[in-house]
Amino acid sequence: QVQLVESGGGLVQPGGSLRLSCAASGSIFRISDMGWYRQAPGKQRELVAAITAGGSTNYADSVKGRFTISRDNAKNTVYLQMNSLTPEDTAVYYCNAQQLRRLAWGQGTQVTVSS
């Protein structure tokens with residue numbers, strides 16, 4: 001099994017930036033797609049961004065032009081650069097990774113955008 005640990009969350013003012021990281025450890029064999037999801041209070045978990053092993057990306061419409069997902073396969077790490085943050089971006093952000101037929105999840109990191 002693979003273990004995923006997110007980091008980089010915190011409190012930021014509107015218009016600010018944060019960079020989230022998700023490091024995979026343990027059994028990293030055959031990891032393919034990776035992604036970031038978020039869940040705001042009272043809301044369902046939603047896909048924010050995803051990236052394939054080959055580097056193809058897709059984004060939720062709400063974050064296009066503001067967020068960038070990337071990965072460093074040598075470091076077994078996926079990143080989410082978040083710019084121009086708004087209060088609507090406040091949520092717990094979760095990393096996930098596809099490994100064969102299994103989907104692994106991190107524990108989540110809190111992002112709060114507030115004045």
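Computed from a predicted model, the values in this text were never measured in an experiment.

1. So, the pattern of salt bridges
Reasoning step 1: Inspection of the entire model under this criterion finds 4 salt bridges.
Reasoning step 2: Measuring nitrogen to oxygen at the nearest pair gives 2.8 Å for the salt bridge that ties Arg 38 to Glu 46.
Reasoning step 3: A salt bridge links Asp 89 to Arg 38; its shortest N-O distance comes to 2.9 Å. Here Arg 38 lies in strand β4 (residues 31–39) and Asp 89 lies in the loop between β8 (77–82) and β9 (91–99), a separation of 51 residues in the sequence.

2. Some remarks on the side chain of Arg 66
Reasoning step 1: With respect to the helices and strands, the residue Arg 66 is situated in the loop between β6 (57–59) and β7 (67–72).
Reasoning step 2: Within polar-contact distance, the side chain of Arg 66 engages the side chain of Asp 89 at 2.8 Å.
Reasoning step 3: Residues contacting Arg 66, with those up to four places away along its chain left out, are Gln 81, Met 82, Asn 83, Ser 84, Leu 85, Thr 86 and Asp 89.

3. Here's the deal with the packing of aromatic side chains
Reasoning step 1: Counted according to the given criterion, the structure contains 1 aromatic pair.
Reasoning step 2: Centre to centre, the rings of Tyr 37 and Trp 105 are 5.0 Å apart; their planes meet at 65 degrees, and the pair counts as edge-to-face. With Tyr 37 in strand β4 and Trp 105 in strand β10 (residues 102–105), the pair connects residues that are 68 residues apart, well separated along the chain.
Reasoning step 3: Geometry around Trp 105 places Arg 45 over its ring, the cationic atom sitting 4.8 Å from the centre.

4. Quick look at the nonpolar core
Reasoning step 1: Counting residues in each nonpolar core, the largest one holds 28 residues, and the members touching the most others are Leu 4, Trp 36, Leu 80, Met 82 and Tyr 93.
Reasoning step 2: Mapped onto this core, the elements with two or more residues apiece are β1 (2–7), β3 (18–26), β4, β5 (46–51), β7, β8, β9 and β11 (109–113).
Reasoning step 3: Apart from residues lying up to four places away in sequence, Tyr 93 is in contact with Glu 6, Leu 20, Trp 36, Tyr 37, Arg 38, Val 48, Phe 67, Leu 80, Met 82, Gly 108, Thr 109 and Val 111.

The rules we used
Residues numbered from 1 in each chain as written. Predicted model: local features only at pLDDT ≥ 70, side-chain atom pairs only at ≥ 80, totals over all residues. Heavy atoms only, no water. Salt bridge = Lys/Arg side-chain N within 4 Å of Asp/Glu carboxyl O. Helix = DSSP H or I, 4+ residues; strand = E, 2+ residues; numbered from the N terminus. Polar contact = N/O pair within 3.5 Å; in protein donor to acceptor, adjacent residues only side chain to side chain. Contact = heavy atoms within 4.5 Å. Phe/Tyr/Trp six-rings, centres within 6.5 Å; stacked < 30°, edge-to-face > 60°. Lys NZ or Arg CZ within 6 Å of the ring centre and 35° of its normal. Core = buried A, V, L, I, M, F, W, Y, C linked by side-chain atoms within 4.5 Å. Buried < 20%, exposed > 50% of the residue type's maximum accessible area, 1.4 Å probe, protein only.

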